[in-house]
Amino acid sequence: MALASAMAAIAIDTLLPAFEQMRPAFGLDSDSTRLSLTLTLFFAGMALGTLFYGPLADAIGRKPLLFVSLGLYAAAAVVGALAPSLEVLLASRFVWGFAAAGPRTLTQAIVRDRFSGTAMARAMTLIQTAFFLGPILAPILGKGLVALGSWRYVMVFGAVSAGVLALWSLRLPETLAEENRRPLTVGNTIAGFRSVIANRTTLGYTLAVTFGFGAFFSFLASSELIFVDVYSRPSWFVPYFSTMSTIAAGVSVMTNRMLRRVEAGPLALRSGVALVVTSGALLAATAAASGLPRIGVWILLFSLANASFIGFFPVAISLALEPMGAMAGTAAAVVGFCTTGVGAVLAAITDRAIDGDVMPIGVSYFVYGVLALACQLWARRETRRAAA
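Residues numbered from 1 in each chain as written. Predicted model: local features only at pLDDT ≥ 70, side-chain atom pairs only at ≥ 80, totals over all residues. Heavy atoms only, no water.

Student: Please clarify how the environment of Asn 256 should be interpreted in this entry.
Tutor: With respect to the helices and strands, the residue Asn 256 is situated in helix α11 (residues 237-258). Residue classification places Asn 256 among the buried residues on the basis of a relative accessible area of 6%. Residues in contact with Asn 256, not counting those within four places in the same chain, are Arg 122, Thr 125 and Leu 126. (Helix = DSSP H or I, 4+ residues; strand = E, 2+ residues; numbered from the N terminus. Buried < 20%, exposed > 50% of the residue type's maximum accessible area, 1.4 Å probe, protein only. Contact = heavy atoms within 4.5 Å.)

Next up, the structure:
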């Protein structure tokens with residue numbers, strides 16, 4: 001499940017170091033932001049894909065869809081590797097994201113099939129620990145593939161990784177029992193989506209994670225441009241990305257251990273407050289330096305804000321899926337669509353605003369952090385009311 005959840009990260013993180021070579025390959029200026037569309041469209045494809053895979057997973061089971069999504073993932077990667085134009089590349093990235101939604105959605109549904117409550121949150125944090133180890137190696141691998149031959153080698157690696165996961169997944173059991181499967185009809189699917197959205201706990205935590213991802217996705221899409229264009233430190237990008245991934249894995253391990261002593265709800269609240277505090281400090285430091293703080297200060301505060309969100313989102317997703325039970329696939333689809341699709345739109349607003357300084361990052365992290373905390377507090381009121 002950890003490798004399955006990491007398929008999206010593999011498709012993203014190995015490509016980032018290739019942007020510098022891809023720009024002249026497609027006739028773009030050295031400071032062009034158009035390649036950020038390869039990430040935005042990938043996330044948009046993932047958002048749409050979750051609505052497809054979730055209800056199907058509740059109807060026919062988890063395992064068949066996993067193989068279908070991996071096959072489409074590999075095919076899209078091959079098309080991207082052979083892309084003769086930017087338009088073809090962007091189209092392949094959209095389909096690639098659609099395919100990547102399969103492993104991501106199914107991972108959450110499978111974990112919900114096997115666990116609930118704080119136990120599910122612990123399982124999710126363990127998966128996230130392995131998930132975050134991928135970006136430590138992925139940018140280095142991507143840079144090595146570019147140096148070895150071309151940015152197209154990075155795309156080929158995506159197809160290879162999908163094949164490896166498919167072979168490994170042959171040993172997995174089916175986790176959705178026959179008696180828990182839901183008929184696949186339009187009316188039943190719409191009713192399932194309505195049931196998920198109508199649950200205040202699920203909706204509140206989903207919106208909280210969505211706003212958090214609105215900030216975090218802007219980090220993924222703009223970090224290369226910030227180091228290269230804003231701070232003129234292109235050699236710092238891969239080391240920082242790898243270091244941030246190490247920190248993320250460490251935060252996930254720490255969160256997992258804390259869940260042995262603290263329930264998921266209170267821990268999610270603490271992480272949400274930490275996100276607001278650290279992002280507020282990031283915004284204050286950025287504003288004090290007229291949008292361009294010293295790179296060391298920016299890296300420190302930016303890393304703390306990201307670490308706070310990393311401690312929050314796997315626990316919050318577990319809390320969002322907790323009330324859903326047999327509709328875990330449909331619920332995972334709604335959660336995935338909101339967090340990925342809406343999160344990508346929110347991130348795109350930030351990405352387009354970056355022009356010579358990092359003020360847009362500081363503003364978005366603080367504003368989205370405050371909104372995430374407000375949504376979490378709204379969800380917690382419903383949880384307490386239901387418990388009473």
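Back to the text.
Student: Just checking my understanding: could you explain the pattern of salt bridges for this structure?
Tutor: Side chains that carry opposite charge are capable of pairing whenever their charged atoms lie near each other. The final tally for this structure, using the stated rule, is three salt bridges. In this structure, Asp 58 and Arg 62 form a salt bridge, with 2.9 Å as the shortest nitrogen-oxygen distance. When sorted by exposure, Asp 58 lands in the same class as Arg 62, which is buried. A salt bridge links Glu 178 to Arg 181, with the shortest nitrogen-to-oxygen separation between them at 3.6 Å. What makes Arg 181 partly exposed here is its relative accessible area of 23%. Here the salt bridges share partners, and the residues they tie into one network are Asp 58, Arg 62 and Asp 113. (Salt bridge = Lys/Arg side-chain N within 4 Å of Asp/Glu carboxyl O.)

Student: When you look at the packing of helix α4 (residues 37-60) against helix α14 (residues 328-353) in this model, what are you seeing that I'm missing?
Tutor: The description of two helices packed together rests on the angle between their axes and the distance between the axes. The contact between α4 and α14 brings their axes to 7 Å, and the two run at 170°. With respect to α14, the axis of α4 lies roughly antiparallel. When the axes of α4 and α14 are compared, the crossing they make is left-handed. Residues Leu 37, Phe 43, Met 46, Ala 47, Leu 48, Thr 50, Leu 51, Gly 54, Pro 55 and Asp 58 of α4 pack against Ala 328, Gly 329, Thr 330, Ala 333, Gly 336, Phe 337, Thr 340, Gly 341, Ala 344 and Arg 352 of α14. For the contact of α4 with α14, the residue count by class is eleven nonpolar, seven polar and two charged. (Axes fitted to C-alpha atoms, helices over the stretch in contact; angles between N-to-C directions. Parallel < 35°, antiparallel > 145°, perpendicular 65-115°, else oblique. Left-handed = near helix turned anticlockwise from the far one by under 90°. Nonpolar A, V, L, I, M, F, W, Y, C, P; charged D, E, K, R; others polar.)

Student: How should unusual backbone geometry be read in this particular structure?
Tutor: One can expect most non-glycine residues to show negative phi and most peptide bonds to be in trans. Notably, Ser 232 is not glycine yet its phi reads approximately 55°, a positive angle. Tracing the sequence through the fold places Ser 232 in the loop between α10 (200-230) and α11. The phi dihedral of Ser 290 is positive, around 55°, even though this residue is not glycine. Tracing the backbone through its elements, the reader meets Ser 290 in the loop between α12 (264-288) and α13 (295-321). On the basis of relative accessibility, which here comes to 65%, the residue Ser 290 falls in the exposed class.

Student: For this particular structure, what's the right way to read the packing of helix α5 (residues 63-81) against helix α8 (residues 151-169)?
Tutor: Interhelical geometry of α5 versus α8 gives an angle of 165° and a closest axis separation of 8 Å. When the interaxial angle is binned, α5 and α8 end up roughly antiparallel. The two elements α5 and α8 meet at a crossing, and its hand is left-handed. Residues Lys 63, Leu 66, Phe 67, Leu 70, Tyr 73, Ala 74, Ala 77, Val 78, Gly 80 and Ala 81 of α5 lie in contact with α8, whose contacting residues are Trp 151, Arg 152, Met 155, Val 156, Gly 158, Ala 159, Ser 161, Ala 162, Leu 165, Ala 166 and Ser 169. Classifying every residue of the contact of α5 with α8 by side-chain character gives 15 nonpolar, four polar and two charged.

Student: Help me understand the state of the cysteines, please; the structure alone is not making it clear to me.
Tutor: Two cysteines whose sulfur atoms are joined by a covalent bond form what is called a disulfide. If you walk through the whole model with that rule in mind, you get zero disulfides. Left unpaired, Cys 338 is separated from the closest cysteine sulfur, that of Cys 375, by 11 Å. (Disulfide = S-S within 2.5 Å.)

Student: Which parts of the structure should I look at to understand the side chain of Thr 330?
Tutor: Tracing the backbone shows Thr 330 in helix α14. Residue Thr 330 is classed as buried on the basis of its relative accessible area, which comes to 3%.

Student: Help me understand the confidence of the model for the protein, please; the structure alone is not making it clear to me.
Tutor: Low pLDDT means the predicted atomic positions in that stretch should not be read closely. Mean pLDDT over the protein stands at 85; residues scoring 70 or higher make up 96%. α5 holds the highest mean pLDDT among the elements of the protein, 93, whereas helix α7 (residues 117-148) holds the lowest, 79. (pLDDT = per-residue confidence, 0-100.)

Student: I tried to follow the nonpolar core on my own but got confused; where do I start?
Tutor: Generally speaking, soluble globular proteins have nonpolar side chains that are buried together. Counting 121 residues, the largest nonpolar core has Met 22, Phe 42, Phe 43, Tyr 73, Phe 219, Trp 298 and Tyr 365 as its most contacted members. Counting residues per element, this core draws most heavily on α13, at 17 residues. Not counting residues up to four positions away in its chain, the partners in contact with Tyr 73 are Met 7, Ile 10, Ala 11, Trp 96, Ala 99, Ala 100, Gly 158, Ser 161 and Ala 162. (Core = buried A, V, L, I, M, F, W, Y, C linked by side-chain atoms within 4.5 Å.)

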